[in-house]
Amino acid sequence: MMMKEKEQIERLTLKLPKSIAEYFRKSFPHGKRSDFVASCILRHRHDSEVKVMEDELRKVNKHRQN
């Protein structure tokens with residue numbers, strides 16, 4: 001996992017439809033669920049940051065071409 005060592009752990013409650021919750025429990029063993037969710041959140045954060053940078057670069061490039 002890409003989290004900092006010694007970082008404090010915080011509990012979080014997810015509200016999911018029952019069918020998705022059952023699949024989640026079946027697909028990810030106890031102890032691995034948090035790693036999966038954390039990984040997805042970190043990937044989303046990274047993708048969002050990249051999108052913002054790309055948008056800024058497009059703006060700069062558009063102004064340079066004019």
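Scroll up for the structure.
Looking only at helices and strands, one finds 2 helices and 0 strands in the protein. Along the first, second and third principal axes, the C-alpha set of the protein runs to 55 × 35 × 15 Å. For the protein, buried positions account for 6% of its 66 residues. A total of about 7000 Å² of accessible surface is found on the protein, and carbon and sulfur atoms cover 55% of it. Of the charged side chains in the protein, 16 are positive and 10 negative, and the gap between their average positions amounts to 4 Å.

Now for the pattern of salt bridges. What the rule picks out here adds up to 3 salt bridges. Note that Arg58 is salt-bridged to Asp55, the shortest N-O span being 3.0 Å. A residue pair is termed a helical-turn pair when its members lie 3 or 4 positions apart in one helix, as Arg58 and Asp55 do in helix 2 (residues 33–65) at 3 residues. On the basis of relative accessibility, which here comes to 52%, the residue Arg58 falls in the exposed class. Two residues, Glu56 and Lys59, come together in a salt bridge whose shortest N-O distance is 3.7 Å. Remark: Lys59 and Glu56 occur in helix 2; sequence separation between them is 3 residues, near one turn of the helix.

Okay, the packing of aromatic side chains next. What the rule picks out here adds up to 3 aromatic pairs. An angle of 50° between the planes, with centres 5.5 Å apart, marks the rings of Phe24 and Phe28 as tilted. When its relative accessible area of 21% is taken as the criterion, Phe28 is described as partly exposed. When the ring of Phe28 is compared with that of Phe36, the centres are 4.2 Å apart and the planes differ by 25°; the resulting orientation is stacked. With a relative accessible area of 35%, Phe36 lands in the partly exposed category.

With that settled, the discussion passes to a nonpolar patch on the surface. A surface patch of nonpolar side chains, about 390 Å² in accessible area, is lined by Leu12, Leu14, Leu16 and Ile20. Classification of Leu12 by relative accessible area gives exposed; the value is 65%.

Reading the values: rules and limits
- Residues numbered from 1 in each chain as written.
- Predicted model: local features only at pLDDT ≥ 70, side-chain atom pairs only at ≥ 80, totals over all residues.
- Heavy atoms only, no water.
- Helix = DSSP H or I, 4+ residues; strand = E, 2+ residues; numbered from the N terminus.
- Buried < 20%, exposed > 50% of the residue type's maximum accessible area, 1.4 Å probe, protein only.
- Areas by Shrake-Rupley, 256 points an atom, 1.4 Å probe, with all protein chains shown as cover.
- Lys, Arg positive; Asp, Glu negative; His and termini not counted.
- Charge placed at Lys NZ, Arg CZ, Asp CG, Glu CD.
- Salt bridge = Lys/Arg side-chain N within 4 Å of Asp/Glu carboxyl O.
- Phe/Tyr/Trp six-rings, centres within 6.5 Å; stacked < 30°, edge-to-face > 60°.
- Patch = residues over 30% accessible without salt bridge, like charges linked within 9 Å, V, L, I, M, F, W, Y side chains within 5 Å.

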